[in-house]
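Residue-level structure breakdown
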Amino acid sequence: MKLLKKLFIKNYQNTDDSSVRLSYGIVAGVFGIISNAILFIGKIIIGVIGNSIAIIADGINNISDAGTSAVTIVGFKLASKPADSDHPYGHARYEYITGLIIGIVIFAVGALLGKSSIEKIISPDETTVTIYTYIVLAFSILLKLLQMLVYADFAKSINSQTLKAASKDSLNDILSTSIVLISAIIIAYTNTTVSIDGIFGLALSIYIVISASLMIKDIINPLLGEKADPEFVQSIVDAILSYKGVLGVHDVLVHSYGHGATYIMLHVEVDANTNILESHDLIDIIEHDIATKFNVHISIHMDPIVMDNEEVTYLHDRVKEGLKDLNPDYKFHDFRVVFGVTHTNIMFDVVMPFEDKTTKEEIIAHLTNVLKDYKTPVFFVIEIDRIY
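Residues numbered from 1 in each chain as written. Predicted model: local features only at pLDDT ≥ 70, side-chain atom pairs only at ≥ 80, totals over all residues. Heavy atoms only, no water.

1. Considerations on the side chain of aspartate 65
With respect to the secondary-structure elements, aspartate 65 resides in helix H3 (residues 53-79). Overall, the relative accessible area of 3% leaves aspartate 65 in the buried class. Of note is the side chain of aspartate 65, whose polar atom sits 3.0 Å from the side chain of lysine 144. When residues no more than four places from it in sequence are discounted, the contact partners of aspartate 65 are Asn36, Lys144, Asp169 and Asp173. (Helix = DSSP H or I, 4+ residues; strand = E, 2+ residues; numbered from the N terminus. Buried < 20%, exposed > 50% of the residue type's maximum accessible area, 1.4 Å probe, protein only. Polar contact = N/O pair within 3.5 Å; in protein donor to acceptor, adjacent residues only side chain to side chain. Contact = heavy atoms within 4.5 Å.)

Have a look at this one:
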């Protein structure tokens, strides 16, 4: 695998470079086309000679894999296109679309194999097994193992969903060819009239269909927009909190449009008594540093927080205790107080898990009861945030 990188990928260690990423995709695609074409020819010859539907189907699966390898190359080529006026966030999601096509093709191959296998179970034909059958199938397993390792290694190097899908497909092929090999051995050493070939082919088709369905689900998730990796988000938050003058971070929104196209929006709390130009300069520095360190696009909203008002601090702590009584996982931010002669308005956002069904009215009722002994009536103006 390292040899492939050194021979065919210039500066292969610089995986943040879009041209290097494209080279990874092309090398993986070409390797897949050549290796799958070799397996297709060998299996079709042996399958036709031996009248084995399972081996023929396995060979057809290989040529479909060669086709998906070609799609992989096209997908990486399209994904490497720079942003333009119609697609300001770039074209990196083409990789996901490519992976989705691969999953659909694998699903179709599994369904067709199931149809052929059922037909052979109903109307069994004699299957011939020779030494060449074993040789071709054993060679296929070894070559598919090499494919799986290459795809997995390349996928890890450039964090590619498409190559991860290709690696899973190669693993499916290893299992499917192993099943065909076991079927051939049983046929060669038994005299059963039952279509072992058809039964094993049907079992294989069911496995392929289920595996393809799971693969499609995994690829659709980033297309729809999925929750960001919590560890990645926490590393961003920790990095920002390390700056002197930052009091807190909240409302973190992460949108990914593929590799190198991650957009982050968040709020940073600063002391309201600090000169606004100093705080603004701090935010500019943080934005530049985070964008450079994590290879992301980031936009930060500055929230001034009152730190030296004893009355505000008292109300803040009472609200914190009240929310903790409702749910220890609740957090809140943007806490503001407007004091009046007849009443006091308290405003803030409550951060709740998605699955939490507590209503805004229930929270307000509970907190109103917590502060019922305050010197003036308290009105709450709150917003509910969900953990993204």
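2. A closer look at the packing of helix H8 (residues 230-241) against helix H9 (residues 276-294)
When two helices pack together, their arrangement is given by the angle between the helix axes and by the axis-to-axis distance. Running from amino to carboxyl end, H8 crosses H9 at an angle of 140°, the nearest separation of the two axes being 11 Å. When the axes of H8 and H9 are compared, the pair comes out oblique. Helix-helix and strand crossings are classified by hand; for H8 and H9 the assignment is right-handed. Across the interface between the two elements, Phe232, Ser235, Ile236, Ala239 and Ile240 from H8 touch Ile286, Ile290 and Phe294 from H9. (Axes fitted to C-alpha atoms, helices over the stretch in contact; angles between N-to-C directions. Parallel < 35°, antiparallel > 145°, perpendicular 65-115°, else oblique. Left-handed = near helix turned anticlockwise from the far one by under 90°.)

3. Overview of the nonpolar core
Judged by nonpolar contacts, the single largest core of 21 residues is most densely connected at Ile106 and Leu137. Of all elements in the fold, only H3, helix H4 (94-122), helix H5 (131-158), helix H6 (161-189) and helix H7 (196-224) reach the threshold of two or more residues within this core. By size, the runner-up hydrophobic cluster in this structure holds 20 residues, among which are Phe332, Val350, Val370 and Tyr374. (Core = buried A, V, L, I, M, F, W, Y, C linked by side-chain atoms within 4.5 Å.)

4. A short note on the pattern of salt bridges
Going through the model one piece at a time under the given rule, you end up with seven salt bridges. Here lysine 5 makes a salt bridge to aspartate 153, at a shortest N to O gap of 2.7 Å. Of this pair, lysine 5 sits in helix H1 (residues 2-8) while aspartate 153 sits in helix H5, and the two are 148 residues apart along the sequence. Where salt bridges share partners, they join Asp65, Lys144 and Asp173 into one cluster. (Salt bridge = Lys/Arg side-chain N within 4 Å of Asp/Glu carboxyl O.)

5. Brief notes about empty space enclosed by the protein
For the structure shown, the criterion picks out two cavities of 30 Å³ or more. What lines the largest cavity is a set of 16 residues, among which Asp65, Thr68, Ser69, Tyr151 and Ala166 lie closest to the centre. Those elements that place two or more of their residues in the lining of the largest cavity are helix H2 (18-50), H3, H5 and H6. Among the elements that line the lining of the largest cavity, the one with the most residues is H6, at five residues. Considering only residue class, the lining of the largest cavity consists of five nonpolar, seven polar and four charged. (1 Å grid on protein atoms, 1.4 Å probe; cavity = no way out; pocket = protein on both sides within 12 Å on 5 of 7 lines; lining within 4 Å. Points joined across faces, edges and corners; volume = space filled by probe spheres on them. Nonpolar A, V, L, I, M, F, W, Y, C, P; charged D, E, K, R; others polar.)

6. Quick word on the pairing of strand E6 (residues 378-386)
The sheet contact formed by strand E5 (residues 344-352) and E6 spans nine bridges and is parallel. When the bridges of E6 are listed, threonine 344 appears paired with valine 378. A crossover links E5 with its parallel partner E6, the connecting element being helix H11 (residues 360-370), and its sense is right-handed. (Pairing = 2+ DSSP bridges. Right-handed = clockwise from strand over helix to strand, strands pointing away.)

7. Points about the sheet that holds strand E4 (residues 331-339)
For sheets, the rule is that strands pair by backbone hydrogen bonds, running either parallel or antiparallel. Strand order in the open sheet made by the three strands is E4-E5-E6, with mixed pairing throughout. With partners counted over all chains shown, the strands left at the sheet margins are E4 and E6, one partner each. Adjacent strand axes in the sheet meet at a mean angle of 15°, parallel and antiparallel pairs treated alike. Across seven bridges, E4 lies against E5 in antiparallel orientation. Counted as the bridge partner of valine 337 is isoleucine 346 from E5. Seen against the sheet, helix H10 (residues 310-326) touches E4, E5 and E6 and runs at an angle of roughly 140° to E4.

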